[in-house]
Amino acid sequence: METTVPKRRDKKSLRVKVISLGNAEVGKSCIIKRYCEKRFVPKYLATIGIDYGVTKVQVRDREIKVNIFDMAGHPFFYEVRNEFYKDSQGVLLVYDVGVRESFEALDSWLGEMKQEMGSQANMDSIVFIVCANKVDLTKRRVVDEGEGRLWAESRGFHYFETSAQSGEGINEMFQAFFSSITDMCENGGKRPVSEVSVGFTKEQADTIRRIRNSKDSWDMLGVKPGATREEVNKAYRKLAVLLHPDKCVAPGSEDAFKAVVNARTSLLKNIK
Ligand code: GTP
Ligand code: MG
């Protein structure tokens, strides 16, 4: 008698589209090259418009075919880039930890993307990974881990420290990226909620960032120079409620809270 062994059915393979974004020269192409070709090119070869490549990866029992669109960061290529934002499931947002401007530009990269996607701009259906790149160049580093992580995680994005030069963080970052995209596709195209809820609010994260970058104590408390005791105390109480370490788990909240306490003390000393 013939017996039929039921065939193991693999889940259907997935096709996904990912794009890389970030200022020119931050290392987008090198990160992709390090992952796909396991090599590093020290000479800067600016991407002209877009580079396209395909790679296959295995996530659990699924084969994923990844179409990678590596964008040029130079403003000159805006007209070429804007065609390619649509229908992406994943975005690599890259900055250079040695160039503050490239970190501060991340918001405008998100802005360009939203604008070009128009009515399609449903950012909850896209997995974002922030790569703090060139961590091998420790001496020239100006954006620390806390600041980068805070920016990323307060938006529900993953954060990885990477070096295309040494390979640090690259495989881990891509594994997390592809596995999250697969989770999202299996979750009906929505980013799973657990990734988004990080235990602190965007307001808390933005406030910590503002405090870190404030130029003096007045600025830190968000009051005008020459403000009264009452105004200083009112601003202090608002920040204390928002950032008190018992209530706020955002990275850097403790330092920000201490800075606010010190700012208030030094201002009150000089106000009659
Ligand atoms: P555009 O295509 O112009 O947008 O730039 P890009 O972001 O693709 O930068 P690219 O990958 O071409 O790298 C720019 C320069 O930085 C090159 O000289 C790379 O060798 C160098 N580079 C990239 N990643 C790293 C890194 O992790 N460490 C170090 N030390 N250098 C890096
Ligand atoms: Mg490039």
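Definitions and cut-offs
Residues numbered from 1 in each chain as written. Chains lettered and ligands numbered in written order. Predicted model: local features only at pLDDT ≥ 70, side-chain atom pairs only at ≥ 80, totals over all residues. Heavy atoms only, no water. Axes fitted to C-alpha atoms, helices over the stretch in contact; angles between N-to-C directions. Helix = DSSP H or I, 4+ residues; strand = E, 2+ residues; numbered from the N terminus. Parallel < 35°, antiparallel > 145°, perpendicular 65-115°, else oblique. Left-handed = near helix turned anticlockwise from the far one by under 90°. Contact = heavy atoms within 4.5 Å. Donors = N, O, S within 2.8 Å, 3.2 Å for Na, K, Ca; no water. Pairing = 2+ DSSP bridges. Buried < 20%, exposed > 50% of the residue type's maximum accessible area, 1.4 Å probe, protein only. Near = heavy atom within 4 Å. Polar contact = N/O pair within 3.5 Å; in protein donor to acceptor, adjacent residues only side chain to side chain. Areas by Shrake-Rupley, 256 points an atom, 1.4 Å probe, with all protein chains shown as cover. Nonpolar A, V, L, I, M, F, W, Y, C, P; charged D, E, K, R; others polar. Salt bridge = Lys/Arg side-chain N within 4 Å of Asp/Glu carboxyl O. Domains from an automatic or database assignment. Buried area = accessible area lost by both parts, 1.4 Å probe.

Colleague: Which residues make up the packing of helix 5 (residues 145-153) against helix 8 (residues 202-212), and what values do they have?
Modeller: Contact pair helix 5 / helix 8: the axes reach a minimum separation of 9 Å and the direction vectors enclose 150°. Relative to helix 8, the element helix 5 is oriented roughly antiparallel. Considering the relative orientation of helix 5 and helix 8, their crossing is left-handed. Between helix 5 and helix 8, the residues in contact are Gly 146, Glu 147, Leu 150 and Trp 151 and Ala 205, Ile 208, Arg 209 and Arg 212, respectively.

Colleague: Before we move on, can you summarise the coordination of the magnesium ion (ligand 2) with the specific residues and values?
Modeller: In an ideal octahedron of six donors the angles at the metal are 90 or 180 degrees, and in an ideal tetrahedron of four donors they are 109.5 degrees. For the magnesium ion (ligand 2), the full set of protein donor atoms is Ser 29 (OG) and Thr 47 (OG1), at a range of 2.0 to 2.1 Å. In this pair, Ser 29 sits in helix 1 (residues 28-37) while Thr 47 sits in the loop between helix 1 and strand 2 (50-59), placing the two residues 18 residues apart along the sequence.

Colleague: Requested: an account of the sheet that holds strand 5 (residues 127-133), with residues and values cited.
Modeller: An order of 2-3-1-4-5-6 is seen for the six strands of this open sheet, with the pairing classed as mixed. The strands lining the two open edges of the sheet, one partner per strand, are strand 2 and strand 6 (158-161). Strand-to-strand, the axes of this sheet are offset by a mean angle of 25°, without reference to chain direction. In the sheet, strand 5 pairs with strand 6 via four bridges, with the strands oriented parallel. Along strand 6, the bridge assignment pairs Val 130 with Tyr 159. Where helix 4 (residues 106-117) meets the sheet, it contacts strand 1 (14-21), strand 4 (90-96) and strand 5, and its direction lies at approximately 150° from that of strand 4. Along the sheet, helix 5 makes contact with strand 4, strand 5 and strand 6, crossing strand 6 at roughly 155°.

Colleague: Got a sec to walk through the pairing of strand 1? Specific residues and values, please.
Modeller: The buried fraction of strand 1 is high, at seven of eight residues. Where strand 1 meets strand 3 (residues 62-71), seven bridges bridge the pair, whose relative direction is parallel. In the sheet register, Lys 17 faces strand 3, and the bridge partner there is Asn 67. Two strands pair when backbone bridges link them, and strand 1 and strand 4 are joined in this way by four bridges, in the parallel orientation. In the sheet register, Val 18 faces strand 4, and the bridge partner there is Gly 90.

Colleague: Please give an account of the site of ligand 1 that cites residues and values.
Modeller: The immediate surroundings of ligand 1 are formed by 25 residues, with Lys 28, Tyr 44, Gly 73, Asp 136 and Ala 164 found nearest. Glu 25 places a polar main-chain atom, nitrogen or oxygen, 2.9 Å from an oxygen atom of ligand 1. Within the backbone of Cys 30, one N or O atom sits 2.8 Å away from an oxygen atom of ligand 1. Notes on ligand 1: free accessible area 660 Å², of which the protein chains cover 93%. Per element, the largest residue contribution to the shell around ligand 1 is three residues, and it comes from helix 1. Residue classes in the shell around ligand 1 are distributed as twelve nonpolar, eight polar and five charged.

Colleague: For the pattern of salt bridges, give the residues involved together with the corresponding values.
Modeller: Under the defined criterion, the tally for this structure stands at 15 salt bridges. The shortest N-O distance in the salt bridge between Arg 60 and Asp 183 comes to 2.8 Å. Of this pair, Arg 60 sits in the loop between strand 2 and strand 3 while Asp 183 sits in helix 6 (residues 170-186); the two residues are 123 residues apart in sequence, bridging distant segments of the chain. On the accessibility criterion, Asp 183 (27% relative accessible area) is partly exposed.

Colleague: Tell me about the domain arrangement of the protein chain, and name the residues and values.
Modeller: It is common to give the size of an interface as the accessible area lost on bringing the parts into contact. Here the protein chain is partitioned into domain 1 (14-187) and domain 2 (202-270). For domain 1 and domain 2, the distance between their C-alpha centroids amounts to 33 Å. Counting from both sides, the interface comprises eleven residues of domain 1 and, opposite them, nine residues of domain 2. Of the roughly 840 Å² buried between domain 1 and domain 2, counting both surfaces, carbon and sulfur atoms make up 56%. The largest share of the area that domain 1 buries against domain 2 comes from Glu 147, Leu 150 and Ser 154, three residues that together contribute 53% of it. Close ionic contact of Arg 212 with Asp 144 constitutes a salt bridge, the shortest N to O distance being 3.6 Å. Counting the contacts that link domain 1 with domain 2 gives zero residue pairs in polar contact (both at pLDDT 80 or more). Top element by residues in the side of domain 1 that touches domain 2 is helix 5. It accounts for four residues. Grouping the constituent residues of the side of domain 1 that touches domain 2 by class yields three nonpolar, two polar and six charged.

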